[in-house]
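Fold and geometry: a report
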Amino acid sequence: MTVAIVLLALLGSAWLLAVIEGWMTTGRLSPAAPLYSGLAHLGRESIVPRSPDRVFFEAAPVLLLVVAVLGMAVLPLAPDLIIADLGTGALFINAALAYVLVAVIMAGWGPDGAYAMIGGWRFLGQLIAYSMLIVMPITAVAMRAESLVNTAIVSSQAGLWNIVYQPLGFVLFFIAAMALAFRAPFDLPTAEGDLGGGVDAEYTGVRLAVLRLARLTLVVTLASATTVFYLGGWHGPLFPPWAWSLVKTLAVAVSMLLVGRYLPRIREADLMRWCWILGIPLALVNIIIVGLLILVVP
Amino acid sequence: MSSDLTINSTGARQKRPSLLQKLVSRALARNLSCLIVPGPEVALAHGLDIRAAGLRISTTPRDASVLMIVGDISEKMCDAVAVLYAQMPRPRAILLVGGQTPSTLPGADISSGLSQDQLTEAVGRLERAFADGAFVDSPEEFDSSVLHARIEYVCPMHPEVVEDEPGSCPKCGMDLVAREAGESTPDHEHHHDHEHHRHEHEHYHDQEQQSHHDHEHHHDHQHHHDHKHQHGESDDHSEHEHSGHDHGEHDHSGHDHEEHDHGGHDHGASGFMSMIEVTKDLPRSADGLQMDWLEVPFGPVFPGLPGGLKLTLTLDGDGVTEGQATSLVGMATEGEGSEESQESEGSQESEEMDADTFIEHLASAIPLAPVSYRLLACLAIEQAAGLSDDQATTQARNSALERERIASHLGWLAQSGRQLGFAWLTQRASTLQLKVRDAGRDRIAELEPELRTLGTRLERTPLLKSRLKGIGVLPVDSSDLRGPVARAAEDGGDAWARLWQRLDEIAASLELLKSGEEPELPVLRDIGNASGTGKATVDTPRGEARLSLKLEHGKVKSYKLDTACSHHIDLVPKLVEGQELGDALLAVGSLDLSPWEVIS
Amino acid sequence: MYAQAFFVAVFGLAAIGFGVVVFRTSSMVRSALALLFSQTAVGCMFLAMQTEFLGVLQIMMMATEMSIMAIFMVMFMMDPGGLGGMDMSHQKRFSIGAGVSAAVVAIAVALLSDWGPVAEQVPDAEAQTRALGMELLGRSMMIFETAGITILTAMIAATAVAIPVKNLASKDNKEASE
């Protein structure tokens, strides 16, 4: 039952995001558009490139989808609305998200096309830039909760949300989450202007539909993670807990989509440089500040 | 439904009668995305609002269901278009907007004129065609000679031996290996990697970014096999080069490879291979890491570049080692002193051209700046005819030129937005371009605040400066710079400076329009039957264009055109060399090359 | 209990299967990712054996590590796509011998060791994590810190060695002065 509800919430959020995305690009708000788009993808032929690494080519979109769903599985929508409240939930999220990289590499290598391949390796090249900024802020979050259990992390924010307690961590995590979901302006692996679609470029038909769904789901999962770690999860007045979780998650997801619209794509070298010389030191500072706060403030 | 509202059988899918298919057809019809050839900037320059017509603009053929061809396209582009069509997933359709069907394609599914109303109406027909005819009983293969690559057989040791049939080398008796005709002998200096060989194959007859359809390829399996041969061969070469083994003595005894049927692809032939040995003579790129170089075409229909421009980059990882740009849609004009009349885009014109025809011809050959070239032609002909300037018309014409400058720069901004993944900029600039394009003075005065805030917004956009600053710095000794590129060379000469130069020019043109006359399209004054020679120079949006022509009895006998882009395109190799891929493309984009204005 | 044994076996077999794929393919990238999935299966074995933290950690670390290995393969190997049909195995006789003897030793250790009494109840994941943290920051701190620093040093050293000397003349001078 819980599984069904969470999956439904995930799918619903992805659908809502697709509607909003369509609204932003076409200027028309059409709730049926994602449905039609999905059906149209089913109707299109699904082409396999000339000499692909077939296993990678087929597996990549599915792996991306699975990873996004697995990530969602350990995030609570409400105190008891969680598929698996693991004892190592905060670490599990990292583990699941690490496979986004694997999926992108597979999607890049699989079709045997230069653009896709460069896109895939680009994503790996940026690994330090985003993965460290996912892991280190989560460390500070877990420090405050004194637990890796995601429900405990949400409970620890009952009085004060982490976005206030450790704003630095929130900013870093939000940026890194966008980079991990490779949304604009961090869409380096799929850059249309540079790589003509990159890792997405060779997928058509059903496979493309799965890939698009996976990418939207990934955004929802990351937004949900942001909510759980920084925005107090289900906490909020009046409305039931799950509603708060959903509203916050969608707000974060939509802001991820919006930010990209108003920014040019970041330079690869800049992203890397800023993460090394600014991001990682700041994440360390964040950990130190949170550590001091925990020790000093009772 | 009438029979003309179905999709060409080379574009439709196999029909399986079911309710689901009907539903899917309807979904397809509501979800049309079009790949615009030569490019969205050309559609914009023609004043077509694709989004308003109900189509989504797709950036890759894989994601497109409609191939939209705007205007007439050149012979070279026809080949590229055929490849694009082959890459599109079925069901797919061809929409012609104001042009002829390219010779390489099956007939157009829907044709329309070059106006917004006609386009909207055509999209309606297209939707019905998809709803009714996306699935047919007997779909056909789309086949075109462009898609076939001839296989020829070469000796790995003796590159001069090239045969049409498989066999053995007359010089050394080795088995010949297959390769696609037209490809030069694998250059071991540059390409060591088999994987990359593979890419090369793919891109060689592709001309475009992606590989062919599997199913379009009759000899697909054949190819695959051939690749193996090829790689075996080149691999072999590398061993030769670096360890000096004789090929004949490559024995594989002691190695239990089952599929060892062709000469020496065994790395393990001499125990562990030493990467240091193998790579020591390879050229090194800027980062000092020896990697395989890979030649990748960008264009002629690439989302980040103006349509018709083909950039061939040699990539070393994510870095560009060398590159060059060619135009597939450039004007073909006669050389200096030649007596032949001009011949363009395959159309056989008579020896000489009527003055009005000439003007129309020139204006339509350059869709991105038709007014400027119309003005240029008018000026040159009038001078040849000995007419003196007329104050009123000159002012009106100049206003039209300034208006086009604003529109053209907006078009460039939209294109840059596409390249930078900056959706807001693309949308804003293209909306403004459509409004400015044929606006009167009053309308432009109304639009002025919007145009000016564009600059302010760009100034405040985070990341933009760091993205553009220092990108595409022109070499110090660059000569023949013209227009915004030349004017921006003084303050930095990078992409950022060029952006601001163009924004400043928009502001300056606005001022000129305010004080000038109502813009009027240049129309040739009556020249009668005059003869003579004339020269004119117009500062087009992309820089000065010069035209000199010879007029005989009211007809243009010969002409010589010199444009800014013809010179700017030569800057490309220096701009991209040693840059990262994204920076290199941005540098090329910042030049605002119009491939139409490149004279070949 | 039986379910647990079943899953341990399944993941164990998967680990072995992917391990075999590592050598059965000629593509470097496939090989690297097969190794990744082999290690992931080992991580899943940990999970099935109720050592959650170790399992999740294993699954997480291997993803990035093996991906990095894949890109190094592509950068430095000649035929990362495996189009030349390269054989991944070398020194067959030696490696078969080494593999068999290692397996024998491992099985012998497994069978002959005194594993103590079977635990009826394992602590839950949270308690395990806590215990592990206490261990890492207590008795084993020195070992882990030393190992960590050593690996970091090795990585930096390897990178430094791999960067070609830009100015040979100055290097010679330095060597001469030493």
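These figures come from a predicted structure and were not determined experimentally. (Residues numbered from 1 in each chain as written. Chains lettered and ligands numbered in written order. Predicted model: local features only at pLDDT ≥ 70, side-chain atom pairs only at ≥ 80, totals over all residues. Heavy atoms only, no water.)

1. Remarks on the overall build of chain B
Definition in use: The helix count covers DSSP runs of H or I at least four residues long, the strand count covers runs of E at least two residues long, and both are numbered beginning at the N terminus. The cut-offs for exposure are 20% and 50% of the maximum accessible area for each residue type, with area from a 1.4 Å probe on protein chains only; residues under the lower value are buried, those over the upper are exposed, and the others partly exposed. Throughout, a residue-residue contact means that at least one pair of heavy atoms, one from each residue, lies within 4.5 Å.
Along chain B, the regular secondary structure elements total 18 helices and 17 strands. Residues classed as buried in chain B amount to 59% of the 600 residues present. The contacts of chain B with a sequence gap of at least 6 include a subset with a gap of at least 24, amounting to 69%.

2. Let's talk about the confidence of the model for chain B
Residues and elements named next belong to chain B. Short version of the rule: The predictor attaches a confidence to each residue, called pLDDT, with possible values from 0 through 100.
Chain-level statistics for chain B give a pLDDT mean of 74 and a share of 72% at 70 or above. When the criterion is pLDDT under 50, residues 182-273 qualifies, and its contacts beyond four places in sequence or with other chains add up to 235 contacts. Predicted confidence is poor over residues 334-350, with pLDDT under 50, and the contacts of this stretch with residues over four places away or in other chains come to 22 contacts.

3. With respect to the sheet that holds strand 11 (residues 293-298) of chain B
Paired through backbone hydrogen bonds, the strands of a sheet run either parallel or antiparallel to each other. What counts, and what does not: Between any two strands, at least two bridges found by DSSP are needed for them to pair. Axis definition: a line fit to C-alpha positions, over the contact stretch in the case of helices; interaxial angles, taken between N-to-C directions, run 0 to 180 degrees.
Judged by pairing direction, the sheet is antiparallel, and its three strands sit side by side in the order 11-12-13 (chain B) without closing on themselves. Each of the sheet's edge strands pairs with one partner strand only, and the pair in question is strand 11 and strand 13 (319-327) of chain B. Taking the axes of each pair of neighbouring strands and ignoring which way they run, one obtains an average angle of 15 degrees across the sheet. As judged from the six bridges shared by strand 11 of chain B and strand 12 (residues 309-316) of chain B, these two strands associate in the antiparallel manner. Directly across from L294 of chain B, in strand 12 of chain B, lies its bridge partner L315 of chain B. Its contacts with the sheet put helix 5 (residues 114-125) of chain A on strand 11 and strand 12 of chain B, and the angle it makes with strand 11 of chain B is roughly 115 degrees.

4. A few points about helix 5 (residues 125-136) of chain C
All names here are of chain C. Applicable threshold: Helix span, expected: 1.5 Å multiplied by one less than the number of residues in the helix. Along the arc lie the directions from the helix axis toward the C-beta atoms.
The end-to-end C-alpha distance of helix 5 is 16 Å, a good match for the 16 Å that twelve residues give at a rise of 1.5 Å each. Residues A125, Q128 and T129 constitute the buried set of helix 5. The buried residues of helix 5 occupy an angular sector of 100 degrees when the element is viewed end-on, so they sit on one face. Exposed residues pointing more than 90 degrees away from the buried face of helix 5 are listed as R130 and M134.

5. Structural notes on the packing of helix 10 (residues 391-420) of chain B against helix 11 (residues 423-437) of chain B
Residues and elements named next belong to chain B. Counted only if it meets this: By the definition adopted for this analysis, an angle is roughly parallel if under 35 degrees, roughly antiparallel if over 145, roughly perpendicular if from 65 to 115, and oblique otherwise. Crossing handedness is defined as follows: a turn of the near helix away from the far one that is anticlockwise and smaller than a right angle gives a left-handed crossing, while the clockwise case is right-handed. Side-chain classes are defined by residue name, with Ala, Val, Leu, Ile, Met, Phe, Trp, Tyr, Cys and Pro counting as nonpolar, Asp, Glu, Lys and Arg as charged, and the others, Gly among them, as polar.
Contact geometry for helix 10 and helix 11: axes closest at 8 Å, N-to-C directions at 160 degrees. Taken together, the axes of helix 10 and helix 11 lie roughly antiparallel to each other. Crossing geometry of helix 10 relative to helix 11 is assigned as left-handed. Along its contact with helix 10, which presents R403, I406, A407, L410, G411, L413, A414, G417 and R418, the element helix 11 presents L425, T426, A429, S430, L432, Q433, V436 and R437. Each residue belonging to the contact of helix 10 with helix 11 can be placed in one class, and the counts come to nine nonpolar, five polar and three charged.

6. Considerations on the pattern of salt bridges
Pairing of side chains with opposite charge becomes possible as their charged atoms draw close. This is how the line gets drawn: Counted as salt bridges are all cases of a side-chain nitrogen of Lys or Arg within 4 Å of a carboxyl oxygen of Asp or Glu.
Counted by the stated rule, this structure contains 39 salt bridges over all chains. The salt bridge involving R183 of chain A is made with E21 of chain A; its shortest N-O contact spans 2.6 Å. Note that R183 of chain A is positioned in the loop between helix 9 (167-180) and helix 10 (192-195) and E21 of chain A in helix 1 (residues 2-26), a separation of 162 residues in sequence. Look at R183 of chain A and you get buried, because its relative accessible area is 12%. Among the residues examined, E21 of chain A registers a relative accessible area of 25% and is labelled partly exposed. Of the charged contacts in the structure, one is a salt bridge between K514 of chain B and E511 of chain B, with a shortest N-O distance of 3.6 Å. Here the residue K514 of chain B and the residue E511 of chain B both occupy positions in helix 15 (residues 495-515), the gap between them amounting to three residues, near one helical turn. Each of R122, D187, D194, R265 and E268 of chain A takes part in a single network of salt bridges with overlapping partners.

7. With respect to empty space enclosed by the protein
This is how it is decided: Buried and open spaces are told apart on a 1 Å grid over the protein atoms alone, a cavity being a set of points where a 1.4 Å probe fits but cannot get out and a pocket being an open set with protein on both sides within 12 Å along at least five of seven lines. Residues with an atom within 4 Å of a point are the lining residues. Grid points are joined across faces, edges and corners, and a volume is the space filled by probe spheres set on the points.
Overall, the coordinates contain six cavities of 30 Å³ or more when judged by the stated rule. The space that makes up the largest cavity amounts to roughly 110 Å³. Together, 14 residues line the largest cavity, and W412, S416, L420, L468 and L586 of chain B are the ones closest to its centre. Of all elements in the fold, only helix 10, helix 13 (464-468), helix 15 and helix 18 (581-590) of chain B reach the threshold of two or more residues within the lining of the largest cavity. Here the lining of the largest cavity is built from residues that sort into ten nonpolar, four polar and no charged. Counting only elements with at least two residues in the lining of the second largest cavity, the list comes to helix 3 (54-73), helix 4 (89-109) and helix 11 (205-230) of chain A. In terms of residue count, the dominant contributor to the lining of the second largest cavity is helix 4 of chain A (three residues). Looking at side-chain class alone, the lining of the second largest cavity contains eight nonpolar, no polar and two charged residues.

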